[in-house]
Amino acid sequence: MKLYQTYLSPFPTRVRLSLYAKGIDFDVIEPPGFHGDSNAKGDYLNVNPMGRVPTLELDDGRFLPESEVICEYLEEAFPEPALMPKDPWARARVRLLSRISDIYIVMAMLPLFNMVAAPPASWDQSIIGRQLDEIGQALDFLEEYIGEQGYAVGRSLTHADGTLLPILQLVDVWLPIFRGPDLWRGRPKSERYWRAIGKDPICARLIEETETALKKSMGRA
Ligand SMILES: N[C@@H](CCC(=O)N[C@@H](CS)C(=O)NCC(=O)O)C(=O)O
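Because the structure is predicted, anything quoted here is derived from the model rather than measured. (Residues numbered from 1 in each chain as written. Predicted model: local features only at pLDDT ≥ 70, side-chain atom pairs only at ≥ 80, totals over all residues. Heavy atoms only, no water.)

Colleague: Outline the side chain of Thr13, listing residues and values.
Modeller: Summarising the element assignment, Thr13 is placed in helix α1 (residues 11-22). Overall, Thr13 belongs to the buried group, its relative accessible area being 0%. In this structure the side chain of Thr13 is engaged in a polar contact, spanning 3.3 Å, whose partner is the backbone oxygen of Pro10. Not counting residues within four places of it along the chain, the set of residues in contact with Thr13 comprises Gly162, Pro166, Leu206 and Thr210. (Helix = DSSP H or I, 4+ residues; strand = E, 2+ residues; numbered from the N terminus. Buried < 20%, exposed > 50% of the residue type's maximum accessible area, 1.4 Å probe, protein only. Polar contact = N/O pair within 3.5 Å; in protein donor to acceptor, adjacent residues only side chain to side chain. Contact = heavy atoms within 4.5 Å.)

Colleague: Run through the site of the ligand, naming residues and quoting values.
Modeller: Close to the ligand lie Ser9, Pro10, Phe11, Phe34, Lys41, Gly51, Arg52, Val53, Pro54, Glu66 and Ser67. Between the ligand and Val53 there is a distance of 2.9 Å, counted from an oxygen atom to a backbone nitrogen or oxygen. Contact with the protein chains hides 76% of the accessible area of the ligand, taken as 510 Å² for the molecule alone. Residue classes in the shell around the ligand are distributed as five nonpolar, three polar and three charged. (Near = heavy atom within 4 Å. Areas by Shrake-Rupley, 256 points an atom, 1.4 Å probe, with all protein chains shown as cover. Nonpolar A, V, L, I, M, F, W, Y, C, P; charged D, E, K, R; others polar.)

Colleague: Explain the sheet that holds strand β3 (residues 55-57) to me, and be specific about the residues and the numbers.
Modeller: Sheet architecture is open: four strands sit in the order β2-β1-β3-β4, paired in mixed fashion. The open sheet has two edge strands with one neighbour each: β2 (27-29) and β4 (63-65). Between one strand axis and the next, the sheet turns through 20 degrees on average, direction left out of account. Bridge count between strand β1 (residues 2-4) and β2: three bridges; the pairing is parallel. Residue Tyr4 lies in a different strand from β2, and its bridge partner there is Ile29. Along the sheet face, helix α3 (residues 67-77) touches β3 and β4 and points at about 125 degrees away from the line of β4. (Pairing = 2+ DSSP bridges. Axes fitted to C-alpha atoms, helices over the stretch in contact; angles between N-to-C directions.)

What follows is the structure, given as structure tokens:
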């Protein structure tokens, strides 16, 4: 298989978690035109007409976009080891955490992702303050539902870990560039989860990959 992706984007991380956990061989292809690269996306639009990463290419040449959909496909096509719990309630919790991440936390971060392309002197402090407040509110939702047994849900790896891990890494490592309040304050369960999840070897690998990409991009900023 091939995974079209960038290491900086949080969305492909959940797909890599699935591929690593299930022991599926894949090649990484980093398409042009992402994260401030001024090259056009060119042929990549034939791979994914939405022009986003990730996209999975199957061995027979079919392309599948959208990280959550790719993870669901991989779960059904390669059921072992399972990254969804058996219990319906626990399965719902996995999906709920992905929703909270995608709909509330990431959406609140979006204006800040867009802002960092410009030099810091031009950053609009009122937008920064508003978005950091919104991210804080979204993290309050997470605080309600995040697991307390070392993983996002239960005692083992699930898709929710692949979704949350890169987002909480941004909270921990990247958001401080905006010099706002400590977003872990008042959210001890979320912080404990983030500090513990790196003990899982697959998560440790994903954290390291994201860290390398973040350092590179923050060095450029
Ligand atoms: N819903 C999509 C979101 C993917 C997404 O928005 N990826 C961003 C990178 S973080 C992207 O490709 N943006 C288009 C661009 O940067 O040009 C998914 O889960 O796969």
